[in-house]
Amino acid sequence: MAYKLLFVCLGNICRSPSAENIMNHLIEEAGLDSKIVCDSAGTSSYHIGSPPDRRMSAAAAKRRIKLKGRARQLQLADFKEFDLILAMDNQNYWDILALDRQQQYLDKVHLICDFASRYKVQEVPDPYYGGKEGFDYVIDLLLDACAGLLEYVINSDAELVRQ
Ligand code: 4NP
């Protein structure tokens, strides 16, 4: 069975679709696309059904990453479905945990920046109301964090590389 990762931000049109597609890019490069599956969601319902933000897609395209997908909202069933849930910022983290009222899945929820190595920051900042450079920063930070995350997943699930 594939290892399942869910990336979560507020709107699911900027940061989490970037994380999802960057991660898929790294997974393909590593030849693990049949073993690790990615998805993304938003804590809010603001942009359900929308494609990724154009400014975010432009920043990703500079790194040869195409942003695919449509926004959806995080739902209770996701806690069971996914092995790891990665929050972009502290607010997302608390909003995710608020949905899991019995804190049954606390161990699955992490801040994605915990997996970064070059960047020593806790959060992926919301680029929505800022300038172009904010979107570029999101991509660079996520490239670093997703590389660390892939290493973590490979090391924590020996089954992944064995078959
Ligand atoms: P995201 O960015 O959470 O990275 O998708 C945002 C997108 C939309 C809004 C805020 C953040 N909004 O307020 O509509």
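Rules used throughout
Residues numbered from 1 in each chain as written. Predicted model: local features only at pLDDT ≥ 70, side-chain atom pairs only at ≥ 80, totals over all residues. Heavy atoms only, no water. Salt bridge = Lys/Arg side-chain N within 4 Å of Asp/Glu carboxyl O. Helix = DSSP H or I, 4+ residues; strand = E, 2+ residues; numbered from the N terminus. Buried < 20%, exposed > 50% of the residue type's maximum accessible area, 1.4 Å probe, protein only.

With respect to the pattern of salt bridges
Across all of its chains, the model carries seven salt bridges by this definition. With a closest N to O distance of 2.9 Å, Asp 89 and Arg 15 form a salt bridge. Of the two residues, Asp 89 sits in the loop between β3 (84-87) and α4 (90-99) while Arg 15 sits in helix α1 (residues 15-29), which places them 74 residues apart along the sequence. Here Asp 89 and Arg 15 have matching classes, each one buried. In this structure, the salt-bridge partner of Asp 136 is Lys 62, at a minimum N-O distance of 3.0 Å. Linking Asp 136 in helix α5 (residues 132-156) with Lys 62 in the loop between α2 (54-61) and α3 (77-81), this pair joins segments that are 74 residues apart in sequence. On the basis of relative accessible area, Asp 136 is assigned to the partly exposed category, the value being 24%. Of the residues examined, Lys 62 reaches a relative accessible area of 53% and is grouped as exposed. Three or more residues joined by partner-sharing salt bridges are found here, namely Asp 39, Arg 72 and Asp 78.

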